[in-house]
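Summary of the model geometry
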Amino acid sequence: MVEEQLQNMLAFFQTNPIIAVAFGGVVVALFYFKPKGMFKLVVFCFFIVVAFYFINLLAGTVTSGSKSKDQMIYKSREVLGE
């Protein structure tokens with residue numbers, strides 16, 4: 001989901017270079033005029049990315065564990081002849 005949005009945003013900026021330059025200029029100006037606020041924003045975004053990564057990692061672990069459990073249940077039923 002996030003990767004898809006990132007790809008859409010990159011494609012938009014590649015097809016509209018003027019908008020990309022303007023956006024980059026605004027970001028650079030904000031870093032120049034409000035460095036403390038922008039640093040806080042970058043740290044917050046980094047925290048959100050790390051949290052999202054760990055949530056996806058844990059969700060993947062739970063999903064693979066439940067799939068393995070289901071497979072083992074079906075295998076044991078086949079062995080028992082049910």
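Structural notes, computed from the coordinates. Keep in mind that what you see is a predicted model, and the values were worked out from it rather than measured.

**Brief notes about the overall build of the protein chain**
Check the secondary structure of the protein chain and you find three helices and zero strands. In the protein chain, the order of α-helices and β-strands from amino to carboxyl end is α-α-α. Burial status across the protein chain gives 1% buried among its 82 residues. When the accessible surface of the protein chain is summed, it comes to about 7600 Å², and 73% of that surface belongs to carbon and sulfur atoms.

**Observations regarding a nonpolar patch on the surface**
A contiguous nonpolar patch, built from Leu-41, Phe-44, Phe-47 and Ile-48 and spanning about 410 Å² of accessible area, is present on the exposed surface. Position of Ile-48 relative to the elements: it lies in helix α3 (residues 35-80). Owing to a relative accessible area of 41%, Ile-48 belongs among the partly exposed residues under this scheme.

**Structural notes on the environment of Val-28**
Relative to the helices and strands, Val-28 resides in helix α2 (residues 17-33). For Val-28, a relative accessible area of 55% corresponds to the exposed category. A sequence separation of 10 residues divides Val-28 from Met-38, and the C-alpha atoms of the two residues are 9.9 Å apart.

**Some thoughts on the packing of aromatic side chains**
By the definition in use, this model includes four aromatic pairs. For the ring pair Tyr-53 and Phe-54, a centre distance of 5.6 Å and an interplane angle of 65° mean the geometry is edge-to-face. An aromatic cluster is defined as three or more aromatic residues linked by ring pairs; in this entry it consists of Phe-12, Phe-13 and Phe-23.

**Regarding the packing of helix α1 (residues 2-15) against α2**
The description of two packed helices rests on the angle between their axes and on the distance between the axes. Relative orientation of the contacting elements α1 and α2 amounts to 110°, with a least axis distance of 5 Å. Comparing the axis directions of α1 and α2 gives the class roughly perpendicular. Contact residues: Phe-12, Phe-13, Gln-14 and Thr-15 in α1; Pro-17, Ile-19, Ala-20 and Phe-23 in α2.

Rules used throughout
Residue indices begin from 1 for each chain and proceed along its sequence in written order. Since the coordinates come from a predicted model, pLDDT governs what is reported: local features require at least 70, and pairs of side-chain atoms require 80 or more to be given and counted, while whole-chain, interface and lining totals use all residues. Processing note: side-chain calculations cover all non-hydrogen atoms of the structure and skip hydrogens and water entirely. Secondary structure counts use DSSP, requiring at least four H or I residues in a row for a helix and at least two E residues in a row for a strand, with both numbered from the N terminus. Each residue is assigned to one of three classes by its accessible area relative to the maximum for its type, calculated with a 1.4 Å probe on protein chains only: buried under 20%, partly exposed between the two thresholds, exposed over 50%. Only the protein chains shown count as cover for residues, and all accessible areas are computed by the Shrake-Rupley method using a 1.4 Å probe. In this scheme, patches are assembled from residues that exceed 30% relative accessible area and form no salt bridge. Like charges are connected within 9 Å, while nonpolar side chains (Val, Leu, Ile, Met, Phe, Trp, Tyr) are connected within 5 Å. Between Lys or Arg on one side and Asp or Glu on the other, a salt bridge is scored when a side-chain nitrogen of the former is within 4 Å of a carboxyl oxygen of the latter. The rule is short: rings of Phe, Tyr and Trp, with Trp giving its six-membered ring, pair when the centres are within 6.5 Å, and they are stacked under 30 degrees, edge-to-face over 60, tilted in between. With axes taken as lines fitted to C-alpha atoms, and helix axes fitted only over the stretch in contact, angles between N-to-C directions fall between 0 and 180 degrees. An angle below 35 degrees is treated as roughly parallel, one above 145 as roughly antiparallel, one from 65 to 115 as roughly perpendicular, and anything else as oblique. Note on contacts: a residue pair is in contact if any heavy atoms of the two residues lie within 4.5 Å.

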